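Architecture and fold: a report
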Amino acid sequence: MSAIANTHNKLFNACPFNILGEESLRQRKHALSQHGHTGIVQELRSPDGIALGYYNLRSEKGGSVVFSNQQPFLQLSYTISGSKSYHVNSGKTVLANMGKQQYNYLFFPQQEIQLSWEPNEPLEIFELGVSPELLFNFMPEEHPLFDVFRKSLVDNSPVPLSKNNLPLQANFSTILYEMLNCPLEGRYKQLYIKAKTIELLAIQLTHYEQMMGVPAREPAARTLKKEDIEKMYLARDIIIQNINSPCTLIDLSHRVGTNDAYLKSHFKQVFGTTVYGYLQNIKMAHAREMLAEGKSVSEVAYLSGYKHTAHFTRAFKKHFGFAPGIMKR
């Protein structure tokens, strides 16, 4: 284990590992500034078999941390910004690579897992650990991930349950920030965290079925063809590349080879939000990165295309559930 890993193992040892057997809700938050690493670490563990970790970091030479798991669990791993990778077998085997605005389901057995991130790159991630018992209570047996998860438990082998990382929807990150900034304490906070975890699981498991083309149980939405999904991913890439000068819906639909009606319905079916909603999500995520880098609220408002700081503050609070000034504090 490297010096960086040793340092961070001491700081991160409350991450979602060892999440069973707790008698009460445990939480901590602290600033990190040593050995070329700066940022914020916030962690929470619940007796319900839930552990939430939030890490907003920047490292001069990159970083890594090795966790020693005491029991198997499922990690719902989210990357808001930056990139990260997980390794097993003493760092020799890559388990998963995850980029900006992506998430995946990772099964971690009782063994060491190494998490690594890149140098000089703002890293903002959520790690939500869920016990197998809790997940089995809510995942239907007919869900496409059920057999994969059960087999990984039997084999006790680390595996990403989804072969491909999934796009992080705006409502997913909103729920995560709500959990992070929950105003309640004690047992009521424990109840709130459990309710939000179940809400997140329900939405994500449905999203996975949609992405994998599983027929809807209700006649509300039809399964998209592979080429339709590819067009929506192309539309998403164009949105990201033109964040400061967005295309009109008609122009965007022409560029991906469809019409605006199909673009609106298909985009929402794939990404769970409208084209405008996705653009707003990217803009708010970028605004949050700039605030974390030390820019003032008024400066970020201007760079985000808002003429009035009050309008930006209102939009930011509506999106994340807290005012941008909290980032400065």
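Residues numbered from 1 in each chain as written. Predicted model: local features only at pLDDT ≥ 70, side-chain atom pairs only at ≥ 80, totals over all residues. Heavy atoms only, no water.

It is worth spelling out the confidence of the model for the protein chain at this point. A residue-level look at the protein chain finds 89% of positions with pLDDT of 70 or above and a mean pLDDT of 83. Of all helices and strands in the protein chain, the one with the weakest mean pLDDT is helix H1 (residues 3-11) (35), whereas strand S10 (residues 123-130) scores best (93). Note that pLDDT drops below 50 for residues 1-21; the model gives that stretch 71 contacts with residues more than four away or on any other chain. Within the model, the stretch residues 216-221 combines pLDDT values under 50 with four contacts to residues more than four positions away or in other chains. (pLDDT = per-residue confidence, 0-100. Helix = DSSP H or I, 4+ residues; strand = E, 2+ residues; numbered from the N terminus. Contact = heavy atoms within 4.5 Å.)

What follows deals with the nonpolar core. Nonpolar side chains tend toward joint burial in soluble globular proteins. Counting 66 residues, the largest nonpolar core has Tyr 78, Tyr 105, Phe 126, Leu 128 and Phe 312 as its most contacted members. In terms of residue count, the dominant contributor to this core is helix H9 (residues 275-292) (eight residues). Counting only domains with at least three residues in this core, you end up with domain 1 (10-212) and domain 2 (226-327). Those residues in contact with Leu 128 that sit more than four places away from it in its chain are Ile 50, Ala 51, Leu 52, Leu 74, Gln 75, Leu 76, Tyr 78, Met 179, Thr 197 and Leu 200. By size, the runner-up hydrophobic cluster in this structure holds 19 residues, among which are Val 65, Leu 95, Ala 96 and Met 98. (Core = buried A, V, L, I, M, F, W, Y, C linked by side-chain atoms within 4.5 Å. Buried < 20%, exposed > 50% of the residue type's maximum accessible area, 1.4 Å probe, protein only. Domains from an automatic or database assignment.)

Most of strand S3 (residues 50-59) is tucked away: nine of the 10 residues are buried. Pairing analysis gives 10 bridges linking strand S2 (residues 37-46) to S3, with the strands arranged antiparallel. Within S3, the residue paired with Ile 40 across the bridge is Asn 56. In terms of strand pairing, S3 meets S10 through eight bridges, oriented antiparallel. (Pairing = 2+ DSSP bridges.)

This part takes up the side chain of His 87. Structurally, the position occupied by His 87 is in strand S6 (residues 84-88). The class of His 87 is buried, set by a relative accessible area of 14%. Those residues in contact with His 87, other than ones at most four positions away along the chain, are Thr 93, Val 94, Leu 95, Glu 112, Ile 113, Gln 114 and Ser 116.

The next subject is the packing of helix H6 (residues 226-241) against helix H8 (residues 260-271). It is at 9 Å that the axes of H6 and H8 come closest, and there the two elements cross at 90°. One way to sum up the angle between H6 and H8 is to call them roughly perpendicular. Across the interface between the two elements, Asp 228, Ile 229, Met 232, Tyr 233, Ala 235, Arg 236 and Ile 239 of H6 pack against Leu 263, His 266, Phe 267, Val 270 and Phe 271 of H8. Split into classes, the residues belonging to the contact of H6 with H8 amount to nine nonpolar, one polar and two charged. (Axes fitted to C-alpha atoms, helices over the stretch in contact; angles between N-to-C directions. Parallel < 35°, antiparallel > 145°, perpendicular 65-115°, else oblique. Nonpolar A, V, L, I, M, F, W, Y, C, P; charged D, E, K, R; others polar.)

With that out of the way, let us pick up the pattern of salt bridges. Overall, the coordinates contain eight salt bridges when judged by the stated rule. Arg 288 serves as the salt-bridge partner of Glu 124, at 2.1 Å between the closest nitrogen and oxygen. Within this pair, whereas Glu 124 is found in strand S10, its partner Arg 288 is found in helix H9, the two being separated by 164 residues in sequence. As far as the burial class goes, Glu 124 and Arg 288 line up, both buried. Here Arg 236 and Asp 237 are joined by a salt bridge, their closest N and O atoms 3.2 Å apart. Residue class for Arg 236 comes out buried when judged on its relative accessible area of 17%. In this structure, a network of salt bridges that share partners links the residues Glu 178, Lys 196 and Glu 199. (Salt bridge = Lys/Arg side-chain N within 4 Å of Asp/Glu carboxyl O.)

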